[in-house]
Amino acid sequence: MKEKPLFFVLIILTLLLFVLSLSVGKVSISFTEIFNVFSGHSDEMLRNLVLNFRLPKSLTALLVGISLPISGFLMQELFKNPLAEPSVLGITSMASLGVAIVIFLFSMIGLDEFLNNPWITIIASFLGAVFALFLVISLSFRVKSSASLVIIGFMIAGLAGALIGMMQYFASSDKIKAYLVWGFGSLSGLSWEQLGVFGLFVLSGIIVSLFTLRGITALLLGEKYAQSLGINIKKLRLTILISTALLTASATAFAGPISFIGLAVPHICRTLLRTGDMKILYRWIFVSGIFFMLLFSILTEVFPFGTLPINIITALFGAPIVISILLNNKNEVR
């Protein structure tokens, strides 16, 4: 397979999807009108629709499409398990617990006014995701089997789910609805200020992740071989931890618990490329993640009976991928 020409085609298709995402919605906008918006020759209403609603949503899809697949890729390589990804290891569940604490407990103790500040939810989700990730990594040093670590991840998710269920049982219906809406995930509603912070976290996570590629490539032949090349395994794990924490926590905090995309995209790229070159695999996952999230963002808008939550689309896409991993790659799941 000629990788470079195909990669160039993927980039072109991704750029076209980005422009299309600005056009598709309850009100269709032509490409000419989009060009007029950016050239300053459109009316104020159209300019506001594109620049303050659709462009932020498309950029959010772009950032989520980078962060979750890359973090999933790093986890899978670290744990040598194709099922490893943020939602499987309980990270998104702990982020959900952080949000549940804010929504349910704050209302119980009379701090409802804080819920009007979107930063409170974002910070709570971020802290929950970071805590879960540090917990998973610390346990990984004590558990030899990657399969056991995945089971631990499910147990963390189960514990978080139990605590959330307990708070829901005593919460009012409007708070339960608010939590459920957050749990569906959303690519819209971010301000430019929030997008700037989100982008900063993703950029930081990507920069850190680039320092792991040499070590990950060496790990393909085992830890002893990597150490013979001068790779510090503990330092590599810590670097992957930092990168994954920045990427996963920020995506969950700003867009909600979006599942499957972090697992499915790396698996698709591995299946198509069948390469041991981590740099090639990395750039394909990077661009493919953007491509799929933009595609899913468009699909949420074209549903005939209203806008679908993004998590429904990603689950419909990702669940068959998980099944294919279990059925067709039995030897990879260790």
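The structure we're discussing is the one just above.
Thresholds applied
Residues numbered from 1 in each chain as written. Predicted model: local features only at pLDDT ≥ 70, side-chain atom pairs only at ≥ 80, totals over all residues. Heavy atoms only, no water. Helix = DSSP H or I, 4+ residues; strand = E, 2+ residues; numbered from the N terminus. Buried < 20%, exposed > 50% of the residue type's maximum accessible area, 1.4 Å probe, protein only. Contact = heavy atoms within 4.5 Å. Salt bridge = Lys/Arg side-chain N within 4 Å of Asp/Glu carboxyl O. Axes fitted to C-alpha atoms, helices over the stretch in contact; angles between N-to-C directions. Left-handed = near helix turned anticlockwise from the far one by under 90°. Nonpolar A, V, L, I, M, F, W, Y, C, P; charged D, E, K, R; others polar. Parallel < 35°, antiparallel > 145°, perpendicular 65-115°, else oblique.

1. Quick look at the environment of Gly276
Now for step 1: The topology assignment puts Gly276 in the loop between helix H12 (261-273) and helix H13 (278-302).
Now for step 2: Judged by relative accessible area, which is 42%, Gly276 ranks as partly exposed.
Now for step 3: In sequence terms Gly276 and Leu200 are 76 residues apart; their C-alpha atoms lie 30 Å from each other.
Now for step 4: Contact partners of Gly276, with chain neighbours within four places excluded, come to Thr217 and Leu220.

2. Things to note about the pattern of salt bridges
Now for step 1: The full count for this structure, using the stated rule, is two salt bridges.
Now for step 2: Here Glu301 and Lys57 are joined by a salt bridge, their closest N and O atoms 2.3 Å apart. Residue Glu301 is located in helix H13, and its partner Lys57 is located in helix H3 (residues 44-79); the two are separated by 244 residues in the primary sequence. Each of the two residues, Glu301 as well as Lys57, counts as buried.
Now for step 3: Across the salt bridge formed by Glu77 and Arg270, the nearest N and O atoms sit 2.8 Å from each other. Placement of Glu77 in helix H3 and of Arg270 in helix H12 is noted, with a sequence separation of 193 residues between them.

3. What to know about the packing of helix H5 (residues 118-140) against helix H11 (residues 233-255)
Now for step 1: At a minimum axis distance of 8 Å, the contact between H5 and H11 shows a crossing angle of 145 degrees. The interaxial crossing formed by H5 with H11 has right-handed handedness. Counted together, Trp119, Ile122, Ser125, Phe126, Ala129, Val130, Leu133, Phe134 and Ile137 of H5 and Leu241, Thr244, Ala245, Ala249, Ser250, Thr252, Ala253 and Phe254 of H11 form the full contact between these two elements.
Now for step 2: Within the contact of H5 with H11, the residues separate by chemical class into 13 nonpolar, four polar and no charged.

4. Some details on the packing of helix H4 (residues 91-108) against helix H7 (residues 173-183)
Two numbers describe a pair of packed helices, the interaxial angle and the distance between the axes.
Now for step 1: Contact geometry for H4 and H7: axes closest at 10 Å, N-to-C directions at 160 degrees. For the element pair H4 / H7, the angle class is roughly antiparallel. Crossing of H4 against H7: the hand is right-handed. Residues Ala95, Ser96, Val99, Ala100, Ile103, Phe104 and Ser107 of H4 touch H7, and the partners they reach there are Lys175, Ile176, Ala178, Tyr179 and Trp182.
Now for step 2: Broken down by class, the residue content of the contact of H4 with H7 amounts to nine nonpolar, two polar and one charged.

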